[in-house]
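Each chain, letter by letter, is given below.
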Amino acid sequence: MATLKEILTRRPAAATIRLTVPAGGARPAPPVGPALGQYRLNLMAFCKDFNARTQKYKPETPMSVTITAFKDNTFEFTVKSPSVTWYLKKAAGIESGSSRPGHVTASTVTLKHIYEIAKVKQSDPYCQYMPLESICKSIIGTAATMGIKVVKELE
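Since the structure is predicted, the reported quantities are computational estimates derived from the model, not experimental observations. (Residues numbered from 1 in each chain as written. Predicted model: local features only at pLDDT ≥ 70, side-chain atom pairs only at ≥ 80, totals over all residues. Heavy atoms only, no water.)

> Quick rundown of the packing of aromatic side chains? Include the residues and the values.
Within this structure, the stated rule accounts for five aromatic pairs. Geometrically, the ring pair formed by F46 and F50 is stacked, given 5.7 Å between the ring centres and 25 degrees between the ring planes. Placement of both F46 and F50 in helix α3 (residues 43-53) is noted, with a separation of four residues, approximately one turn of the helix. We note that F46, like F50, is buried. Summarising the aromatic geometry, the rings of W86 and Y87 are spaced 5.4 Å apart at their centres and angled 70 degrees between planes, so their arrangement reads as edge-to-face. Site record: aromatic cluster; members linked through ring pairs are F46, F50, F75 and F77. Against the face of F77 rests R53, its NZ or CZ located 4.0 Å from the ring centre. (Phe/Tyr/Trp six-rings, centres within 6.5 Å; stacked < 30°, edge-to-face > 60°. Helix = DSSP H or I, 4+ residues; strand = E, 2+ residues; numbered from the N terminus. Buried < 20%, exposed > 50% of the residue type's maximum accessible area, 1.4 Å probe, protein only. Lys NZ or Arg CZ within 6 Å of the ring centre and 35° of its normal.)

> Can you tell me about helix α4 (residues 84-92), naming the residues and giving the values?
Inspection of α4 places V84, Y87, L88 and A92 among the buried residues, and these make up the whole buried set. Angular distribution of buried residues about the axis of α4 spans 125 degrees; they occupy a single face of the element. On its buried side, α4 packs onto β4 (107-110), α5 (111-121), α6 (132-145) and β5 (148-151). At the exit of α4 stands G93, carrying a positive phi of roughly 75 degrees. (Arc of directions from axis to C-beta. Contact = heavy atoms within 4.5 Å.)

Below is the structure:
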């Protein structure tokens, strides 16, 4: 519950912008430029901050970013780790999932892969209080909908 002081000092938000930007590859060109430019936000400040925060990831890793633009032309942003589907495709070594999940298996991954993906996803703001087991179950469900079979060990 927010205190009265927090409510009174809260800045009015003009918009919430959600983008997928490659790690370390934010430039004032599309898609970042037009999305931030229409709210008169400082493009270079965002690009420098984003690239600094994502330099630990491999280049061209798709990062999900949520930008809150305020009416006084300032902004805040949170960076989430790449999507579970991206990690599963990389672990399985495929370009896309099965066209008929449940009928055709696109590839297989081990429980160790699932566990490693869950450890990375646990650092996300929405998953940080979830138990690792719950995150693993969610990832296994995502793998099933992509046509990726989860096995204990690869033969």
